[in-house]
Amino acid sequence: MDKIELKPTYSTVEIPGKCIKCLAEQEYGNCLRELLKGNEGRRELEKRFEALISLLKSPELAKIRDESEKYLANGKEVKLIINLEEGKPKYEIEID
């Protein structure tokens, strides 16, 4: 499975932002729609879907969201990378 990258944005008066959880839910919905269509590459979509469900159910999600919002508030660009290693998701926050 290719890594999943979620790039949250900070809300301003002019631009609404999206947190890690919102982005994961959005990507989850996109994967579900693709799976229901029955398109090719189904196994990769299933892995992606499972990784997103794992993140959304993870007790780490609140901590990851809080940490990313702290960096966003300080003007940093944040990216959450989700990889499956040995069948288990690994979460990594990159800051630019």
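Residues numbered from 1 in each chain as written. Predicted model: local features only at pLDDT ≥ 70, side-chain atom pairs only at ≥ 80, totals over all residues. Heavy atoms only, no water.

## A look at the sheet that holds strand E1 (residues 4-6)
Taken in spatial order, the 3 strands make up an open sheet running E1-E2-E3, and their pairing is antiparallel. Across the chains shown, the open sheet's two edge strands, defined by having one partner strand only, are E1 and strand E3 (88-95). On average, adjacent strands in this sheet sit at an angle of 20° to one another, irrespective of strand direction. Alignment of strand E2 (residues 78-85) against E3, held across 8 bridges, turns out to be antiparallel. Following the sheet pairing, Leu84 is matched in E3 by Pro89. Across the sheet, helix H2 (residues 42-57) is in contact with E1, E2 and E3; its angle to E2 comes to roughly 115°. (Pairing = 2+ DSSP bridges. Helix = DSSP H or I, 4+ residues; strand = E, 2+ residues; numbered from the N terminus. Axes fitted to C-alpha atoms, helices over the stretch in contact; angles between N-to-C directions. Contact = heavy atoms within 4.5 Å.)

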